[in-house]
Amino acid sequence: MKESVIAMNTPINHLTAGFIGLGLIGGSIARGLKRSAPDIQIMAYMRTREKLEQAHADGVVDLILDGVDEHLSECDIIFLCTPVEFNESYLRQIRPFLKEDAIVTDVGSTKTSIHETVAALGMESCFVGGHPMAGTQFSGFKYAKADLYHGAPMVLVPPRFDDIELLGRVKDLLTPAGFGSYSVTTAEQHDEMIAFTSQLAHVASNAYIKSPTAKKHKGFSAGSYKDMTRVAWLAPRMWAELFLENRDFLLKEIDCYIEHLSQYKAAMEQNDEEELIRLLDEGKKRKEEVDG
């Protein structure tokens, strides 16, 4: 899809943004917006009041909301930054308060389910799913950074691909956050790709670290161990929910991974050096083809 830049009616600095949830992802977007455009007005709601008060003290949040209420009718864009299943509930709650031309986006790592809710609510003209392609192994507002998404890719998942104006407005509204590039895809294609690029990596890393040898690795490890285990450090409940939300695509990737691991295992069990070389060379060539 071609890039589209639509002139905004309201200057960036005069915009109002609302956040439902303000953890690592939402907090980093909010910090990025405030750093680039200090006069943007940001209001936020989350269940943990203490974190909102910290965000207010840091100058990130201008108005702390007590819940989903009429204050949201002032927002030009609303970010849903809670776990996927809660985003759908909040989508229903905020719908009555949306002003004309307001945009709603989310940062959830799966899209199929929330897009079904968008369709059921008739919100295709104001919702565009979003998934920032950056993060850390930590979670929570205290780890949010203004530059976390500087130069990072952003995946946009619109309900309709023919609404170029809507996509252009979303990109304009996200500009102060500092994203470096945008890609546009369908909800199904997004979930299929995330099962491979993110969720499988977390499963593999988390399983890998369970080796009894891991307890004795100090002094014997270099970059490979660090790269392989970085995402083993995760939030278990959150990731379990994400895995189950995207279960069909993730199971397909796990089956494929197990199949290939079994081929390496069989070659070693049979002491078949040539087959092992072939498998390793095949993987090396695939890496070159995929990443250059």
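Residues numbered from 1 in each chain as written. Predicted model: local features only at pLDDT ≥ 70, side-chain atom pairs only at ≥ 80, totals over all residues. Heavy atoms only, no water.

1. Considering the overall build of the protein chain
For the record, the criterion: For helices the rule is a DSSP run of H or I covering at least 4 residues; for strands it is a run of E covering at least 2, with both sets numbered from the N terminus onward. Relative accessible area decides the class of each residue, using a 1.4 Å probe on protein chains only: under 20% of the type maximum gives buried, over 50% gives exposed, and in between gives partly exposed. Two residues form a contact once any of their heavy atoms are found within 4.5 Å. The protein chains shown are the only cover counted for residues, whose accessible areas, like all others here, come from Shrake-Rupley with a 1.4 Å probe.
The helix and strand tally for the protein chain stands at 10 helices and eight strands. For the C-alpha atoms alone, the extent of the protein chain along its principal axes is close to 70 × 40 × 30 Å. Of all 292 residues assigned to the protein chain, the portion counted as buried reaches 42%. Taking contacts inside the protein chain between residues at least 6 apart in sequence as the whole, the part at least 24 apart equals 72%. Of the roughly 16300 Å² that the protein chain leaves accessible, carbon and sulfur atoms contribute 53%.

2. Considerations on unusual backbone geometry
With a phi close to 75 degrees, aspartate 101 is a non-glycine residue in the positive phi region. The phi angle at asparagine 271 is positive, at roughly 55 degrees, despite the residue not being glycine. One can find asparagine 271 in the loop between helix 9 (247-269) and helix 10 (273-291). Taking relative accessible area as the criterion, asparagine 271 reaches 70% and is therefore assigned exposed.

3. A word on the confidence of the model for the protein chain
Here is the rule we go by: Across the chain, each position has a pLDDT score giving the predictor's confidence in that residue, from 0 to 100.
Counting all residues, the mean pLDDT for the protein chain is 91, and 96% of those residues have values of 70 or more. Taken element by element, the protein chain is modelled with least confidence in helix 5 (residues 164-174), mean pLDDT 90, and with most confidence in helix 9, mean pLDDT 98. This stretch, residues 1-10, has a pLDDT under 50; its non-local contacts, to residues over four places away or in other chains, come to 19 contacts.

4. Re the side chain of threonine 16
Relative to the helices and strands, threonine 16 is located in strand 1 (residues 16-20). On the basis of relative accessibility, which here comes to 12%, the residue threonine 16 falls in the buried class. Not counting residues within four places of it along the chain, the set of residues in contact with threonine 16 comprises Gln41, Met43, Glu74, Cys75, Asp76 and Ile77.

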